[in-house]
4 protein chains.
Amino acid sequence: MTAQNANLVCVVDKLASRRKAAEANLPGVHVSDNFSELLNDKTIDAIAIVTPVESHFSLAMACLKAGKHVWVEKPLAATSQEAERLLAEADRQGKLIHVDHTFVYTGAVRKLKELIDQDALGRLYYYDSIRVNLGLFTDDVDVLWDLAVHDISILSYLISTPPTAVSAQGVAHFEGRRANTAFMTLYYPDNFVAHINANWLSPIKIRQTLLAGEKKMAVYNDLDPVEKVKIFDSGVQMSGDKSEVYNTNVDYRVGDIWVPKLSIREALSLETEHFVDCIINNKKSETDGLAGLDTVRILEATSKSLAANGVPQEI
Amino acid sequence: MTAQNANLVCVVDKLASRRKAAEANLPGVHVSDNFSELLNDKTIDAIAIVTPVESHFSLAMACLKAGKHVWVEKPLAATSQEAERLLAEADRQGKLIHVDHTFVYTGAVRKLKELIDQDALGRLYYYDSIRVNLGLFTDDVDVLWDLAVHDISILSYLISTPPTAVSAQGVAHFEGRRANTAFMTLYYPDNFVAHINANWLSPIKIRQTLLAGEKKMAVYNDLDPVEKVKIFDSGVQMSGDKSEVYNTNVDYRVGDIWVPKLSIREALSLETEHFVDCIINNKKSETDGLAGLDTVRILEATSKSLAANGVPQEI
Amino acid sequence: MTAQNANLVCVVDKLASRRKAAEANLPGVHVSDNFSELLNDKTIDAIAIVTPVESHFSLAMACLKAGKHVWVEKPLAATSQEAERLLAEADRQGKLIHVDHTFVYTGAVRKLKELIDQDALGRLYYYDSIRVNLGLFTDDVDVLWDLAVHDISILSYLISTPPTAVSAQGVAHFEGRRANTAFMTLYYPDNFVAHINANWLSPIKIRQTLLAGEKKMAVYNDLDPVEKVKIFDSGVQMSGDKSEVYNTNVDYRVGDIWVPKLSIREALSLETEHFVDCIINNKKSETDGLAGLDTVRILEATSKSLAANGVPQEI
Amino acid sequence: MTAQNANLVCVVDKLASRRKAAEANLPGVHVSDNFSELLNDKTIDAIAIVTPVESHFSLAMACLKAGKHVWVEKPLAATSQEAERLLAEADRQGKLIHVDHTFVYTGAVRKLKELIDQDALGRLYYYDSIRVNLGLFTDDVDVLWDLAVHDISILSYLISTPPTAVSAQGVAHFEGRRANTAFMTLYYPDNFVAHINANWLSPIKIRQTLLAGEKKMAVYNDLDPVEKVKIFDSGVQMSGDKSEVYNTNVDYRVGDIWVPKLSIREALSLETEHFVDCIINNKKSETDGLAGLDTVRILEATSKSLAANGVPQEI
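Per chain, the residues get numbers from 1 upward, laid out in the order the sequence is written. Following the order in which they are written, the chains are lettered starting with A and the ligands numbered starting with 1. Under the rules for a predicted model, residues below a pLDDT of 70 receive no local features and side-chain atom pairs below 80 are neither given nor counted, while totals for whole chains, interfaces and linings still include all residues. Hydrogens are left out, water is left out, and the side-chain values use all remaining heavy atoms of the structure.

Trainee: Just give me the short version of the sheet that holds strand E4 (residues 69-73) of chain B, but keep the residues and values in it.
Mentor: All names here are of chain B. In short, DSSP must find at least two bridges between two strands for them to pair. Counting from the N terminus, the helices are DSSP H or I runs at least four residues long and the strands are E runs at least two residues long. Within the open sheet, the 3 strands sit side by side as E3-E4-E5. Their pairing is parallel. Only two strands of the sheet have a single neighbouring strand rather than two, namely strand E3 (46-49) and strand E5 (97-100). The mean inter-strand angle of the sheet, taken between neighbouring strand axes irrespective of direction, is 15°. Sheet topology note: the E3/E4 ladder contains 4 bridges and is parallel. The residue bridging Ile47 from the neighbouring strand is Val70, located in E4. Fitted lines through C-alpha atoms give the axes, limited to the stretch in contact for helices. The angle between two N-to-C directions lies from 0 to 180 degrees.

Here it is, written out as structure tokens:
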């Protein structure tokens, strides 16, 4: 992680193999196995925490108490209580918490945000995302905390109003493992609904999101290198004349399709620049601690509903 | 609807326009607006009911009481109670109820059934189907009764054990209309789970189903004319060695893909032949009244759960 | 073939099986095995000839001499000399020759024509078409006369200036059969070039055409039901600054993509209406005898070049 | 370029910017602007030449005369005469010439070779490749020398017998530039034919090759990360019964499709290992000077035919 006005000075890793790789790839960067070196180094302003979820709280807290700004991998913490304590400490220290909600910094998601802000889509009906692949079975979180977290952070960026409740379902097919196949539905005001389908047991990798509005509808396929975001006219025909609606069926679609050019700047490059800019110019991060906390709160309620086979949980 | 050993002799329709079309396209077939003509015609053995759901019960009951075998559009009836009364009457009359669960007669679904019966997929993990498009807003049923019913009937054909509970979510975006965007999860014994995603508000038409098992996984894309069903090796790596699993990620897949040739016989042609065969040779239909009743029971429980924002309902 | 202001009154076919089918499907239409009945029937104004190529000349000539307008399957005739004699006879009789260049009446090709007429594509660079599939081995013509004829007729509709020369290559893999795999390149003024790739030995069916211009480029995939025609900005960077060009490589494309809505009217329905309109209102057909003659002339030169392994032939 | 048993010790580049990048990315590697340093360094056994085509001869010749093994970017040289002189010098010096025909080292091409060696495809009918994109307009070579060279080198690896003649067509749309849109057909014994379609003016990037044989047919789409190579049964029906052939049309295909798993090892990694192995164990490279010479000879004949608008040239 480097950016203008910032230098990478030190990497700390417990694993010897990763330290070796860091030394080979990052000439001139100090590599260590001792976390306290980071905390004690007065020349260090910010620390990025890229570790398993359960360690986020203790590491981030230590950084904040040492007066460092922190960049934390998603999700911010393992519980909302941990996240709240991190936010409180950041306030006390006057330091920044930036959560790595990477997708918020992609050209595709920023284009969708732009269209929503321009009211190009009109009143929003639903966000429907499928995020499945043959995945590694992580031990620390279930598939929703691992994959759906991306959609939840995208939603908190795109949709100004927070969800009111969630209903989730899931299955853990393997002894002693967490849910590997799960589904969640977020209820929002004004009948907007978001649905996320995630699993680690899919023969094919799918990263497709439908975002439907009254005026336009978007199809966002993150695996398509050329046509990631397509914009369609909405074909909803609420007039009495059903023949029209039949025609849209026959016709597959009702208007032109527009495939906007997206920024191809690497998300991580934009995100690191933003992080450094927030620190230097004392700005608020677009994916700050609060966004991180909201995401964790939603995931907590989701886990409760999943354990109850879909009984909705208020958020 | 014609088949060997059967003749279409009469068509009854309330709409003059449709009667006109029938006369033009079906030379030699008697066309009428009087339903009782069908019931009173002693030369007629079977009647197909292709009308809105709310009329299925009264029409089918009249046919059965008149001693006719009946073919009923899906779903069999508007309530399980209606369906049960139809089954009882069919028993009394010794007549056949055949429900038009068309997909059961497609080459794709029959291939999946064949693979399951051969245990080629191994222990089943999940069935995950998305069935969305720009649709006609029917007034009589919601989107699950209109579209998910296809998946429910496919499941009752593929999976021998019935589901134990359902959790459903949905939204009705338009005043006075039923849910047009909905999701449902069916819980089965042994951690098998089925998920169905259906809406009438999608910019693109999708008909894709994932069927994942311990040995093999199938992708069934009904819109692909050439590669409707693809069979993948399962990439689940539950061994301690995670590096393997990482490799499957890098590698996208773990083995060859097999795209079996499917029968291209038109489903309706196979289905009508089966219907006539069942009548003549007194056989049980593969989609008989019981299959129709099971489907309606599941849809009823689904509607209850949807109204309760996902509270699971036993089936 | 029916249309407003026209009635199908008689079908003539040598094959008993096809006559049987015609009788079943066309109630009220006289079916016969005697071609002269068509010629002698004074109530008949126009005759459609849908037969093997070698029979087009004698049948069409007989129709014209009998004072009938003719619709002829593509290609118009087996030689340009035959085609010229048909045109001369049509002039003498004041009757219409319409050649069934069906693609000219599709929404996709008409959209391309519209874009060219508006100079939306700018100066045209090339037309590049691939038209392959697992095909029936016809005995009467080779694969270029069978498949490339579609592209040649599309080109004569789209491009105002005729080609000046052709170079063709092909292979006949099977004893005593004509070329089943072939390629042809048409040279036009101002460095416009057209390339057509056709075969009957492809494992997959492809119907894709690239039409590239200085301002915009079109991709026409006739097998895509939803996005048949896509319009791209042209990415040609002739400025000295190569970095720009490198960027377009990295970026895949240089601007938005536009997928225009196309008319979904069936081509044959539009074509028959046009045919009848030309007869009744004495208009010139968009695919008249002259277009048919040009196509046959190009195919003749193409066959010469193919026999000479690519030696170019002037047209 | 590194591999087991080999170390990268020195990089020479005329451009200061590239030398700077090399220094940053290759810690411990000596970076220089003086080519003679490479020649004079006795510890250097092999030199890789990655420069514009016109410089290949003089640089490679200097390396060989200095007793170094050489790795040369494709094409080996600008003329067959240059290539022949390099081969002669390599013989004299007992040194290796390895040409960077990278695709020969991909999992996809090696799988095709394996299928051909096993006679799994049967008698080969054709190789048909399209290799188009929005490209950089290089000044030193035309589009066939830049892109078709890949297919020519793949063909020389896959097909044991060399082509006998070539017919090529092309257009240079821009003042003072070489052909940017071109087509070539290679004639082989026994009616095998290869066709290559290449341009730098395509709105979409295509890398698709059809390889058709009597038993099986392969579709190789290099842009598909998951299904690069698909194997189809051949649908050729030469029996008298055309109805079968019609059926294959209706049916799209005649048998199962098989998508073999490919090695995902990076081609360049396999190629460098092979290069070092050839040097250490005195083996013949799979893409040696002779393969490089054959490719240049074919390109020379191709340019002659292109200049003559397709007049075939013997090879």
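Here the narrative resumes, following the displayed structure.
Trainee: Please provide a residue-by-residue account of the sheet that holds strand E4 (residues 69-73) of chain C, values included.
Mentor: All names here are of chain C. The parallel open sheet is built from 3 strands, whose spatial order is E3-E4-E5. Both edges of this open sheet fall to strand E3 (46-49) and strand E5 (97-100), since each of them pairs with a single strand only. On average, each strand axis in the sheet is inclined to that of its neighbour by 15°, with strand direction left out of account. We call two residues in contact when some of their heavy atoms are within 4.5 Å. Taken strand by strand, helix H3 (residues 56-65) contacts E3, E4 and E5, and its axis lies near 165° from that of E4.

Trainee: Please give an account of the domain arrangement of chain A that cites residues and values.
Mentor: Residue and element names in this part refer to chain A. Taken domain by domain, chain A holds domain 1 (10-102 + 268-288) and domain 2 (103-265 + 297-314). Annotation comment: domain bounds sourced from an automatic or database domain assignment. Averaged C-alpha coordinates put domain 1 and domain 2 at centres separated by 29 Å. Every contact between the two is made by 21 residues of domain 1 and, on the other side, 17 residues of domain 2. Taken over both partners, the interface formed by domain 1 and domain 2 buries close to 1,600 Å², and the fraction arising from carbon and sulfur atoms is 53%. A side-chain nitrogen of Lys or Arg and a carboxyl oxygen of Asp or Glu constitute a salt bridge if their distance falls within 4 Å. Seen at the junction of domain 1 and domain 2, the total is 3 salt bridges. For Arg110, the salt bridge identified is with Glu286, shortest N-O distance 2.6 Å. Whenever a nitrogen or oxygen atom comes within 3.5 Å of another N or O atom, the pair is scored as a polar contact, on the condition that within protein one atom can donate a hydrogen and the other can accept it, and that pairs from neighbouring residues in sequence are kept only if both atoms are in side chains. Run the count over domain 1 and domain 2 and you get 11 residue pairs in polar contact (both at pLDDT 80 or more). At the level of elements, helix H4 (80-93) and helix H8 (267-280) are the ones that each hand at least two residues to the side of domain 1 that touches domain 2. If you tally residues by element for the side of domain 1 that touches domain 2, the top one is H8, at 5 residues. Amino acids outside the nonpolar list (Ala, Val, Leu, Ile, Met, Phe, Trp, Tyr, Cys, Pro) and the charged list (Asp, Glu, Lys, Arg) are all regarded as polar, and Gly is one of them. The residue makeup of the side of domain 1 that touches domain 2, split by class, is 6 nonpolar, 9 polar and 6 charged. Summed over both partners, buried area is the accessible surface (1.4 Å probe) that two parts give up on being assembled.

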